[in-house]
2 protein chains.
Amino acid sequence: MRKRNVLVAQSGGPTAAINATLAGVVEQAVISGKVGKVYGAKYGIKGVLADDLIDISEILQETHAMLRLIHTPSSALGSCRHKLKSAEDDPDTYKTIFDTFARYDIGYFVYIGGNDSMDTVHKLSEYAIKQGIDVAIMGAPKTIDNDLYGMDHSPGFGSAARYIATTFAEIWCDAKVYDTPAVTIVETMGRHVGWLCASSALARKVGAAPQLIYLPEVPFDDNKFLEDVEEQLSLSPSLVIAISEGIRRADGKFVNEDAGNAKVDAFGHKHMGGACRVLENLINNHMECKVRCIDFSLMQRCAAHLASPVDLAEAKALGAMSLARALEGVSGEVSVLTRVSDNPYRVEYSTVHATTIANREKAIPREWINARGNFVTEDLIRYVEPLLGVPFTRESCSDHLCLY
Amino acid sequence: MRKRNVLVAQSGGPTAAINATLAGVVEQAVISGKVGKVYGAKYGIKGVLADDLIDISEILQETHAMLRLIHTPSSALGSCRHKLKSAEDDPDTYKTIFDTFARYDIGYFVYIGGNDSMDTVHKLSEYAIKQGIDVAIMGAPKTIDNDLYGMDHSPGFGSAARYIATTFAEIWCDAKVYDTPAVTIVETMGRHVGWLCASSALARKVGAAPQLIYLPEVPFDDNKFLEDVEEQLSLSPSLVIAISEGIRRADGKFVNEDAGNAKVDAFGHKHMGGACRVLENLINNHMECKVRCIDFSLMQRCAAHLASPVDLAEAKALGAMSLARALEGVSGEVSVLTRVSDNPYRVEYSTVHATTIANREKAIPREWINARGNFVTEDLIRYVEPLLGVPFTRESCSDHLCLY
């Protein structure tokens, strides 16, 4: 039987685990014995449109290259943010993509990405079925935001959560070093959901930061915020606050929306940044206190040196599974994780239809946030903890000593 | 013979190695067999003035507490920025300090800090000698800035340099992920000297970032900067620039001085921040290109999880040596490192007079910066490399794989 080729591509924002998923696809291709070459498209689906494919099975035959790949942050094939129109509205684009597939004899395409990319998986799979084209199109999930439906958590999130928890624990040691009142506001990514920001709560297992957490899931109230800050400063001169970039007031507007710096990307998403500065000004206008802003910026998604070993292992397995199902003829599905238990931590692997995931965002359940809306509950901590992949407890390496 | 007590305190900005120096003092106290208790002053010299001392020898008798201390970032005793006036101008303060010493039967005081703290060491030592008070006052150096005279490098710098080099290597993978032109400007600490910022050059051993480095040692020129950016963007769509917070124009003014956000601390130093934003605006006003600012903020000085093992070992040895010399009756001196060779990396330990260090700042030699003033030379890289304490080369864990 003719061995057809595999194509793989990466899309959306980088994570520290997305290359582990790529490695899983390549390894599965090799061990299956059922495929020819593995091609990678440069810059996601844009590489397919531009006929910009490279033979990565050749490069990754080196064992050492494969190991390096797993520990390389961001997308080793490059990425894009490119939304496909419907096949009805833009038939030429679909024809171009499937012509490329035919030219390279692609029988299996695995697209690694978030909810926007799963929309692409769905559209391409539907098109292939309608046109009677024999290409299996599968998705493999990734996003640091952890906002994907249909799965317990998304690959990439655990590593980002580990970075955030580790860094909050370290920042606590630094932020409290003087005896004068000081507020440190740390902004994490998270446009519409607060999973990343909420993960900062893990740092409380080894220190006192953050004392307050503000998430997009709860409307932000300026007065309640100022009350919270005053109350915390009456308890300790050092206050560390975690905020999500996407915190919004009750009217639904992002707190930094009036600051006039929101940009819109190709998917129509607004790009935030600067919520931290709005809160800094709010405090400065109402009390005498040193305030400092910290933005975790790209570091929270590309800190490969702090990648969660659990995250990398799961990400790799999901990539492998997506190709395994494609080889069985499954199409339009995405490989996902279901949690069986927290302790011992156990997951099961399965697939869901791409439309379960596409164009939707999974928020933190309201009951995992306290009534006041300024911290998270034990349920959330129990959920995140195993995803860090390392102990985060007293007597672990994250545990710091304070003598004062 | 009566065993007198030791006092130790920490001052100035946090580092990831300052607690290793504290551990060195305590361990030396224990193994010398010549001292009673080891007291720690809370919040530096302010704790001495406020009679706020704790018996840390008791706490640190637990072996595990000692190990945790070494790996705890920032100052485990708290810190301060408190400048002593001269004994002539402010005799009461000196009387208070030496009364506290007498009350706790302190025979040896080790002050861990930067150039401002070494001014305190000098003043207290001079006062003791003039007044005929038998207390040996010794300094132990620390600063991430690496700006201390009289030594090859300062403890704390190597760990910060490792954080910076590691993070630039990771940011490169992320910053280049799309095929559209993008400039990422990363601001490091370094008010008057560029050692921290220059350390980003180590990331070039495993990637292409940073392509440009701007330091306080070379006057910043807006037009030359824009030329550099245009030239680099013609070579690659992804450009990562490292800048020091303290870059200044030819007139000596900080580039963000007119932005009106410079604050002045207790030592009269201006606190910067925001040079990055000035350069972002400069680019935005002259070309069409996405520009992003990243500030390493506190993370660069408190990332204990990336501490340099060389840095920690040296910091601990210097703390031990400062107390050892104090026990021999030496006073007014600071323990320092002299480099014997780069490869194999070897240092020798000695002491210098506190005035060698006090109130001075050691800049990068001009010949370690290229003629254009936008990058560093191999000499600088050779100097910094052993201080990271880990291999930073192709085939090391910092080496990432790019497939496009």
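The structure presented is a predicted model; accordingly, all values stated were derived computationally and were not measured. (Residues numbered from 1 in each chain as written. Chains lettered and ligands numbered in written order. Predicted model: local features only at pLDDT ≥ 70, side-chain atom pairs only at ≥ 80, totals over all residues.)

**Description of the overall build of chain A**
In step 1: Tallying secondary structure elements over chain A gives 13 helices and 13 strands in all.
In step 2: Relative to a compact globule of 404 residues, whose C-alpha radius of gyration would be 22 Å, chain A shows 22 Å and is just as compact.
In step 3: Nonlocal contacts in chain A, meaning residues at least 24 apart in sequence, comprise 76% of its contacts between residues at least 6 apart. (Helix = DSSP H or I, 4+ residues; strand = E, 2+ residues; numbered from the N terminus. Rg over C-alpha atoms; globule rule 2.2 N^0.38 Å. Contact = placed C-beta atoms within 7 Å.)

**Some thoughts on the relation of the copies chain A and chain B**
Mapping between the two chain copies consists of a rotation about an axis together with a translation along that axis.
In step 1: Mapping chain A onto chain B calls for a rotation angle of 180 degrees and an axial translation of 0.0 Å; the resulting RMSD is 0.0 Å. The symmetry that links the two subunits is that of a two-fold axis. Identified as the residue of chain A closest to the rotation axis by C-alpha distance is D295(A), at 3.6 Å.
In step 2: In this assembly the copies share their binding face: 98% of the residues contributing to the interface of chain A also contribute to that of chain B. (Least-squares fit on C-alpha atoms with pLDDT ≥ 70 in both.)

**Focus: the interface of chain A and chain B**
Much of the literature gives interface size as the accessible area that the parts lose upon coming together.
In step 1: Between chain A and chain B, the residue contacts involve 48 residues of the former and 47 residues of the latter.
In step 2: When contributions to the side of chain A that touches chain B are tallied by element, the ones reaching two or more residues are α3 (56-59), α4 (63-70), α7 (157-175), β11 (290-295) and α11 (299-302) of chain A.
In step 3: The element contributing the most residues to the side of chain A that touches chain B is α7(A), with seven residues.
In step 4: For the side of chain A that touches chain B, the class distribution of residues is 28 nonpolar, 12 polar and eight charged. (Nonpolar A, V, L, I, M, F, W, Y, C, P; charged D, E, K, R; others polar.)

**Here's the deal with the sheet that holds strand β8 (residues 238-244) of chain B**
Residue and element names in this part refer to chain B.
In step 1: With respect to topology, four strands assemble into an open sheet ordered β7-β8-β6-β11, the strand pairing being parallel. Looking at strand neighbours, the two that pair on one side only are β7 (212-214) and β11 (290-295), the edges of this open sheet. The average undirected angle you get between the axes of adjacent strands in this sheet is 20 degrees.
In step 2: Where strand β6 (residues 182-188) and β8 come together, seven bridges link them in parallel fashion. Counterpart to A182 in the pairing with β8 is S238.
In step 3: In the packing of helix α9 (residues 222-235) onto the sheet, the strands contacted are β6, β7 and β8, and the crossing angle to β8 comes to about 150 degrees. (Pairing = 2+ DSSP bridges. Axes fitted to C-alpha atoms, helices over the stretch in contact; angles between N-to-C directions.)

**What to know about helix α6 (residues 115-131) of chain A**
Residues and elements named next belong to chain A.
In step 1: Taking 1.5 Å of rise per residue, 17 residues should cover 24 Å, and α6 covers 24 Å from first to last C-alpha, within 8% of that figure.
In step 2: Across the 17 residues of α6, 13 count as buried, placing the element largely inside the fold.
In step 3: Two residues or fewer past α6, G132 is found with a positive phi of approximately 70 degrees. (Expected span 1.5 Å × (residues − 1). Buried ≥ 20, exposed ≤ 12 C-beta atoms within 10 Å, placed from the backbone.)

**Comments concerning the domain arrangement of chain A**
Residue and element names in this part refer to chain A.
In step 1: The domains assigned to chain A are domain 1 (5-154 + 305-356) and domain 2 (160-303 + 362-388).
In step 2: Distance from the C-alpha centre of domain 1 to the C-alpha centre of domain 2: 32 Å.
In step 3: Listed per partner, the contact involves 24 residues of domain 1 and 22 residues of domain 2.
In step 4: Here the side of domain 1 that touches domain 2 is composed, by residue class, of nine nonpolar, eight polar and seven charged. (Domains from an automatic or database assignment.)

**Topic: the confidence of the model for chain A**
In step 1: Per-residue confidence for chain A averages 94 on the pLDDT scale, and 96% of its residues sit at or above 70.
In step 2: The complex prediction reports pTM at 0.95, with the ipTM value standing at 0.94. (pLDDT = per-residue confidence, 0-100.)

**Quick look at the environment of T21(B)**
Residue and element names in this part refer to chain B.
In step 1: In this fold, T21 is placed in helix α1 (residues 18-32).
In step 2: Measuring from C-alpha to C-alpha, the distance between T21 and L60 comes to 14 Å, with 39 residues separating the pair along the chain.
In step 3: Each residue touching T21, except ones within four places of it in the same chain, is listed here: I112, A140, K142, P155, A315, K316, L318 and G319.

**What about unusual backbone geometry?**
All names here are of chain A.
In step 1: Cis rather than trans, the peptide bond between N343 and P344 has omega equal to 5 degrees.
In step 2: Checked against the element boundaries, P344 lands in the loop between β12 (333-342) and β13 (345-353).
In step 3: Positioned with a positive phi, D51 is a non-glycine residue whose angle comes to about 55 degrees.
In step 4: Within the secondary structure, D51 sits in the loop between α2 (45-49) and β3 (53-55).
In step 5: Phi at S297 takes a positive value of approximately 40 degrees, unusual for a residue other than glycine.

**Comments concerning the pairing of β8(B)**
Residues and elements named next belong to chain B.
In step 1: Judged by how many residues are buried, β8 sits mostly within the fold: seven of seven residues are covered.
In step 2: The alternating pattern of β8 places S238, V240, A242 and S244 and L239, I241 and I243 on opposite faces, both of which are buried.
In step 3: Pairing of β7 with β8, which is carried by three bridges, proceeds in the parallel orientation. Within the sheet, the bridge partner assigned to Y214 lies in β8 and is I243.
In step 4: Chirality of the crossover, the property in question, places the unit of β7, α9 and β8 among those that are right-handed. (Right-handed = clockwise from strand over helix to strand, strands pointing away.)

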